[in-house]
Structures are given as structure tokens and as C-alpha cells.
Amino acid sequence: MKINYLYLTFFITIILAIAYVIFPSQKDLGLLLYRSAQYDAALVKLKLALKRTPDSRRALENIGDIYEKKGDADGVRESYEHLVNLHPEKRSYRLKLASLYEWEGDFEGAAEQYLALYRRSPGKQMFFIKLKSIYLYEGRLAELYQLHQEHLKNYPEDLSVLADFSASIPYASGFDEVQQLFELLIKGNPSNRDIVLRYAGACLFFEKVFEIQPVINAYLERNGGEREDFRAARRFYVWNELEDEELSLMEMFAKEYPNEPGLLIDLGKKYSARKELDKAVKTFEQYVNMHPQDDSARLMLAGMYGWKGNVSRERKELELLLEQDKNNLNLIRTLAQRYEWSGESEKALFQYEHLMALQPDSSEKMLMKLARLYDWTGQPKRALFCYERAAERFHTADTASLARLAQRFDWDNQPEKALKYYEKLYKTGKNTSLSFTLKLAQRYEWTGKTSEALVLYEKAYHQSGTADLRKKLVELYVALGEEGKLLALLEEYLLTAPAEEKLKYLEKVAEARVQAGNIEGAVESFSQLAELAPGDTKWLLRIAETYSWSGNTEKAIPWYKKAVGMGYVSEEVFFLLAEHYFWQNNDKKSWEYFQKVKALNAGRRVTDFFLAELLYRQKDLKRAKKYYKKAYSWLKSIVRGDYEEELFFLSCLRLGKINEIANGLYRINPKSDFFKKHLLIAVSGLFERNEYGLGVSVLEFFASANPVLPREVVLTVKDHASTLQSKGRWDMANHLMDFVQ
């Protein structure tokens, strides 16, 4: 049977069409489901289709769209990354992926996609702007510079990128590279001032200062030297402190535009600052010739004459100006200053008086100036009048005037007024230096305000801690009786004081403690001194003396002995030890030290008495009498105090000179214990020698001040009355009995 292929083909096609309608493909089914918003079912079908045809753009696009509608960023990114890999030339895929990266914060991934897009379409501004913003945000300035470099080489006329390009210049590989780009920019835009100034800034950054002026001058020449171009170039030089270049430009500018407002004045000031006085004068003269009515410029010209040393020309200018305007305060003030500076005080004073007449309410500064001129011209009364007026008007902030007032009253020997202004100066808070604090403290001290002075001296000491201030504080603490503060100051200092200072100040601590009655504290300080100077017996003696002054002889003696044991030789210490041993009945030691005293000073006659007493104790009466006579002879010849009087009476007693004891009692207060102590000795001795009359006289002298006789004396008188009765001397016996009764 012959087959008709045409009918067979048609029949198969019909069958396939019916099958497609009844049984669609996974991809088409997924698309149908996607269009009916059945996203989950569509996603399953599309993924099955993708497994069969992995390169299906349509399936990937639809999957990405479904993920986007579901808010699944990872799915979207995965789909478009696959699409970009399959079709890198497709701009919409890269743009979608770049946007997704940027939204997720993956700027590196976004930059990679934007860079690929920019490379394919360099004229597309959007890609350049996106890349630029990412590089700036990420701080990737080196890559930004490379991007600018690439862009400007291709599009030198694109000035919109210039600002960012300038910001990224520091990341260029070198000046040659930057120079090449700017030359390209200038070539494409020869009249653009901004490009030229940025080029100059790049030269400055790469320390190519000598490249700047030629670049700017070439631009000015190209564009005919417009005023605004000159001004912009000058601002650049000023901001970057290129003084020489600025001056050169100003000179060029002045030639082109001699009538430019203020340019000649600025140029003259510039010459003046550089001490090019001839050029400054010439420039000011040029300006004054063009603007003769400008008095301030003529005043500056006069100042230039003065600076050059042409004083006569300066004054002539000032005087001419003043003739034209006699009440011009600025001219009067300036001319007065010139007279003052040249030493013509009388002329200066005349001008300042004129100024004061025009301005009767002038500030205290003007009054102070007048006062000083009156001082210099020998008019002290007027000077003081001006100082007083200035004092009435002074402004608290004007510390210079306050200082001058204080100083003037100091000179005029008015310390109270001077102190008033020193105090005000101090209260401004602008004069708190150490020197000023000390000055105010001194004024307080001189005016008798010691407590206020002490406060400031303490403050100054805390600032500097100098030895002089420490000494001053010690003096004031002593004067004010501030023992506590004195001890605290010295004890604090001793913690850090160098070794050579410790001795000096530790002694002050010790002495202060002695004065305060702190005996144990003083002994502690003297003991520290003894440790610091172990070979010096001075501190051992001071410990002994401190105990002696407090009446504690027992504690003093060991320290005296220690000093003597270290070789200390002193008549007084030997005598003190001898006397101590004497009263301790250590006759041997006492004799030894009295002999040492005798060896050092044979003329010390009191030693004879104690030697006599020691011999008397040993019953060596013959030798004792010899020493008693020496002691008696010396004691009789001197003006005796209580101590010597006691020794004298004892010597008289040992030598049997009772009459002298009795007569000596008349020189003593009859109420004193000393009189009572020796009354019995005198009366007993006299009665034993039958000198009853003198004995009764002594008793009567005592009774005149004391209503009651001591019991021992009464018993002695009664005993002697009984003795007289036994001897038949009834008159005297009765007289004695009447006396005691």
C-alpha cells in the first residue's frame, strides 16, 4: 500500500497539538500558574522545567520574579547571578543584580557589576555616578582615582567629575600622572578657572610649588587677565600662604588695574610687612596722588616716612593733615603719639590735652596716659589728679590701668590705695601669676594685714614650693602663733627634703615643739637629728637641755653623759653633772667633774663651795675650811641672788659666821621660805654664842611679817630660856618666854 506522507505529517501534527493542549510542558504550566498568582505551584513547575533546560532565560527570569514577589532576596540573587553568568552582555540583568547587592549592603559586589556596566557603556553617567558614590562611601579612594583617571582621559570635557577627582588626587601614583590629566582637562577647557586652581592645588599637594605660578600666569594671559581671575588667584595664594607668589601677582594686578579699590593700599602694607620701605612709600604716594582726599592713606604714608627715619616728613604730613581738620581725633592722637615717641613730652602733652578737651569723657586709658606725661614733665599734682580720675572711671577688665594705678600709689607712698587696686587686679582673675600673688601678699604684710598675707603666701608656696616662701611661711606661722601649721609645713617638707635640708628644718620642727611645750615631740625630733648627724653632740645636748627646761633633770643627765662620753668638753655641762652627782651623794663622781670644771675655769669660785661641801662630808674639815673661805670671800663680794645667798649662808654656817647669817636675813623677804629655812640656823647659832640681843632682833623682824613662829624655832627659844633660867639670868629668860607666848 502506498503511504501518503503528506497526510501522515498533517495527522501527527494534529495529534501533537491536541496533546500539547491536554498535556502542556512543565515550563508552560509553570508560566500559567505564575500568571494566575499561584506562586508556590508555579515555582515547583518552573524548577522542574529548569532541570530539563538549565539555560532557560525565561524560566530563570520567572523564578527570580516569583522570589521577588515572595520577598526571598536570596532566591532573587541566585536567579540573577545565574542569568548574568549565562548572559554577561545583558545590561538589565547586571543592573538588577547590582541594585540587589547594593540593597543588601554588598557594596563590593555592587561595584563589580556597576564597573562592568560602566566599561561596556562609559558614556552612561548613571553607572559612573553609582560607582563613584560606592567608592566614596567605602573609602576606596585609590579605586576612585583610577575611575576618574579613566573617565577624564575619555571625556576631558566632563567637568562634573572634577571635584571628586581633586579629592582622590592623594591616591595617585605620582605627580606626572596628575599633571597629564590636568593638562588634558585644561586643553579641553582652556577658559575654566576652576580647573586651573585645582591644578595649582594638586601642585601644592605634591610640593611642586614652583609649578603653580607658571600655570596661573599662563591662564591669566590666555584669558586677558580679567579682574575676577586676578582676585581668585590671589585668594588661592592667600589661603595657601604663598606670600611671594601673592606679591608678584599683586604687582601684576596693580599694573593692569591701578584703580582697583584697596589694591595699592594692600600692596603698600605688604611691602611694609616685608620691610621694603622704599617700595611701600612709593606705593602709598602713588595711591595718595590718585586719592588725595583719603586721610587714612595719607596717615599711613606719614607712618612710612617715620619708619624710614624721615621724622620731619612724617610730622609735616601729620601737621598738614591736622591743619585741614583740627578736630580730627585720630590725627591728634597719632601726632601726640609721635611726639611722645620722639621724647617731646611737652608737645605730646599739648595734643593729649586737646584730645581730652574734645573728649571730656575719655576712657581711663587716656587719663592714665596724661597722668604719666604729667609725671614725666614734673607735674606730680596734675599727675595724681589724673590718676584719681582714672581710678574713678577704671574698667575692671583693663588690667593694665589697674596695675599702673597701683604702681603710682606705691610710688606716692599711699600703700592703702595701692593695695586697693592690687586687690581689684587680683579679683579680675587675669593676674593670678606667682609673682603677682607674692606682690599682693607683700602689700598685705606691709599694711599690717598679716592674716591675708599668710593666705596668699600659702597659695604661692603650693604653686612653687620654693625655699624662700617656705622660710616666709615659717616666719609668719611663728609670728601668728600657728604652731600646728608650722609643724605640718615642716613635717610635710621633711618627707621629701634632701639630706642637707633635713637638718635645718628638722631643727625648726624641734624648736617649734619646744615652744609649744611638746617635750616628747621635741625630743623625738632632736633624736632624729642625732641619727642624721651621729658624730654631732649638739643634738644630744639639745635633748638634755629640753628635759632640763621641763624640770626633768633625771632624764636630762643620761644625754649629758652621752655627749661627754663622745668627747664633748663644756664647763657648764661638767658643772651640771658634778652638781647632779653632788645631790645624788655620789661624792666620787661629783669630785671628778668639779675638778674638770676647775681645770677649765679656775676662776669659777662657786666650784670652791661644792668642793668644800664634799670635803666636809668626808670629815676633812681642815681642807674643807680652806675651800669654804674661798667660797665665802667670793660670795661676799658679789651681788647675790637666791641661789648664791643660800651658798653664802651655808659657807657662813660652816665657818661659824652666824652674825653674818643673821644680818643677811634683813636683806631677805621675811615671808619667804628661804627666810624660814635659815631663821632656825641663825637664832640657834646666835643663842649658842650668847648673842641673845641679835637673836631676838631677828625673831622680831620675822614676827613683823609672820604671826606664827615655826615650831622648831619656838622649841629652840624655849630650850634656851630654860638654860638661861638655870644660869640665873631670869630677865632674858622671861623675855624669851614672853616672846614665844
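Each value, and the rule that gives it
Residues numbered from 1 in each chain as written. Predicted model: local features only at pLDDT ≥ 70, side-chain atom pairs only at ≥ 80, totals over all residues. Heavy atoms only, no water. Helix = DSSP H or I, 4+ residues; strand = E, 2+ residues; numbered from the N terminus. Buried < 20%, exposed > 50% of the residue type's maximum accessible area, 1.4 Å probe, protein only. Areas by Shrake-Rupley, 256 points an atom, 1.4 Å probe, with all protein chains shown as cover. Contact = heavy atoms within 4.5 Å. Axes fitted to C-alpha atoms, helices over the stretch in contact; angles between N-to-C directions. Parallel < 35°, antiparallel > 145°, perpendicular 65-115°, else oblique. Left-handed = near helix turned anticlockwise from the far one by under 90°. Core = buried A, V, L, I, M, F, W, Y, C linked by side-chain atoms within 4.5 Å. Nonpolar A, V, L, I, M, F, W, Y, C, P; charged D, E, K, R; others polar. Polar contact = N/O pair within 3.5 Å; in protein donor to acceptor, adjacent residues only side chain to side chain. Salt bridge = Lys/Arg side-chain N within 4 Å of Asp/Glu carboxyl O. pLDDT = per-residue confidence, 0-100. Phe/Tyr/Trp six-rings, centres within 6.5 Å; stacked < 30°, edge-to-face > 60°. Expected span 1.5 Å × (residues − 1). Arc of directions from axis to C-beta. Patch = residues over 30% accessible without salt bridge, like charges linked within 9 Å, V, L, I, M, F, W, Y side chains within 5 Å. Lys, Arg positive; Asp, Glu negative; His and termini not counted. Charge placed at Lys NZ, Arg CZ, Asp CG, Glu CD.

1. Considerations on the overall build of the chain
Working step 1: When you go through the chain residue by residue, the secondary structure sums to 43 helices and zero strands.
Working step 2: Here the chain holds 741 residues, and 43% of them are scored as buried.
Working step 3: Split by element, the accessible area of the chain, about 40200 Å² in all, is 52% carbon and sulfur.

2. Thoughts on the environment of tyrosine 643
Working step 1: Within the secondary structure, tyrosine 643 is located in helix H38 (residues 642-655).
Working step 2: Not counting residues up to four positions away in its chain, the partners in contact with tyrosine 643 are Phe575, Glu579, Val606 and Phe610.

3. Things to note about the packing of helix H41 (residues 692-703) against helix H43 (residues 730-740)
Working step 1: Where H41 contacts H43, the two axes come as close as 12 Å, and the packing angle between them is 15 degrees. By the angle between their directions, the pair H41 and H43 is classed as roughly parallel. Relative to H43, H41 is oriented so that their crossing is left-handed. Here H41 contributes Tyr692, Val696, Leu699, Glu700 and Ala703 to the contact with H43, which in turn contributes Met732, His735, Leu736 and Phe739.

4. Topic: the nonpolar core
Working step 1: Counting 74 residues, the largest nonpolar core has Phe526, Tyr560, Leu577, Phe594, Leu679, Leu699 and Leu736 as its most contacted members.
Working step 2: Ignoring sequence-local partners within four residues, the contact set of leucine 699 consists of Leu679, Val683, Phe687, Leu709, Val713, Val717 and Phe739.
Working step 3: One finds Leu185, Ala254, Tyr271 and Leu301 within the second-largest nonpolar core, a separate group that totals 45 residues.

5. Quick notes on the packing of helix H14 (residues 227-239) against helix H15 (residues 243-256)
Working step 1: One can describe the packing of H14 onto H15 by two numbers: an axis separation of 9 Å at closest approach and a directional angle of 165 degrees. Classified by the angle between their axes, H14 and H15 sit roughly antiparallel to one another. Judged by the twist between their axes, the crossing of H14 over H15 is left-handed. Contact residues: H14 offers Arg227, Phe230, Arg231, Ala233, Arg234, Tyr237 and Val238, while H15 offers Glu245, Glu246, Leu249, Met250, Met252, Phe253 and Glu256.
Working step 2: Here the residues of the contact of H14 with H15 are counted per class, giving eight nonpolar, no polar and six charged.

6. Concerning the side chain of asparagine 223
Working step 1: Locating asparagine 223 in the fold gives a position in the loop between helix H13 (212-222) and H14.
Working step 2: Look at asparagine 223 and you get buried, because its relative accessible area is 19%.
Working step 3: Within the local environment of asparagine 223, its side chain forms a polar contact with the backbone oxygen of tyrosine 219, the two atoms lying 2.9 Å apart.
Working step 4: Residues within four places of asparagine 223 in sequence aside, it is in contact with Pro190, Ser191 and Asp229.

7. Side note on the environment of phenylalanine 649
Working step 1: Looking at the secondary structure, you find phenylalanine 649 in helix H38.
Working step 2: According to the relative accessible area criterion, phenylalanine 649 is buried, its value standing at 1%.
Working step 3: For phenylalanine 649 and isoleucine 661, which are twelve residues apart along the polypeptide, the C-alpha to C-alpha distance reads 5.7 Å.
Working step 4: When neighbours within four sequence positions are excluded, phenylalanine 649 is seen to be in contact with Glu660, Ile661, Gly664, Leu665, Ile668, Phe674 and His678.

8. Focus: the pattern of salt bridges
Side chains that carry opposite charge are capable of pairing whenever their charged atoms lie near each other.
Working step 1: Under the defined criterion, the tally for this structure stands at 13 salt bridges.
Working step 2: A salt bridge links glutamate 228 to arginine 231; the shortest N-O distance between them is 2.6 Å. Linking glutamate 228 with arginine 231, this pair stays in helix H14, spanning three residues, or about one helical turn.
Working step 3: What makes glutamate 228 partly exposed here is its relative accessible area of 41%.
Working step 4: On the accessibility criterion, arginine 231 (28% relative accessible area) is partly exposed.
Working step 5: Each of Arg234, Glu246, Asp266 and Lys270 takes part in one network of salt bridges that share partners.

9. Notes on unusual backbone geometry
Phi is mostly negative for residues that are not glycine, and the peptide bonds are mostly trans.
Working step 1: For lysine 275, which is not a glycine, the phi torsion comes out positive at approximately 60 degrees.
Working step 2: Along the chain, the position of lysine 275 falls in the loop between helix H16 (263-273) and helix H17 (277-290).
Working step 3: Not every positive phi belongs to a glycine, and asparagine 585 is a case in point at roughly 65 degrees.

10. Overview of the confidence of the model for the chain
Working step 1: Taken as a whole, the chain shows an average pLDDT of 74; of its residues, 79% reach a score of 70 or greater.
Working step 2: Across residues 16-27 the pLDDT falls below 50, and counting only partners more than four positions away or on other chains, this stretch makes eleven contacts in the model.
Working step 3: Low pLDDT, under 50, characterises residues 29-34; the stretch is placed with 18 contacts to residues that sit more than four places away or in other chains.

11. Side note on the packing of aromatic side chains
Working step 1: Across all of its chains, the model carries 15 aromatic pairs by this definition.
Working step 2: Summarising the aromatic geometry, the rings of phenylalanine 182 and tyrosine 199 are spaced 5.1 Å apart at their centres and angled 15 degrees between planes, so their arrangement reads as stacked. Taken together, the residues span a long stretch of sequence, with phenylalanine 182 in helix H11 (residues 175-188) and tyrosine 199 in helix H12 (residues 193-205) at a distance of 17 residues.
Working step 3: Look at phenylalanine 182 and you get buried, because its relative accessible area is 0%.

12. Thoughts on helix H37 (residues 621-637)
Working step 1: The end-to-end C-alpha distance of H37 is 24 Å, a good match for the 24 Å that 17 residues give at a rise of 1.5 Å each.
Working step 2: Ala624, Tyr627, Tyr628, Ala631, Tyr632 and Leu635 are the residues of H37 that are buried. Across the axial projection of H37, the buried residues extend over an arc of 145 degrees, all falling on one side. The exposed residues of H37 that point more than 90 degrees off its buried face are Lys622, Lys626 and Ser637.
Working step 3: The inward-facing, buried residues of H37 contact helix H36 (606-617), H38 and helix H39 (658-665).

13. A word on a negative patch on the surface
Working step 1: Taken together, the side chains of Asp106, Glu108, Glu112 and Glu138 define an acidic patch exposed on the protein surface.
Working step 2: You can see aspartate 106 is positioned in the loop between helix H6 (91-104) and helix H7 (107-120).
Working step 3: With relative accessibility at 32%, the residue aspartate 106 sits in the partly exposed group.

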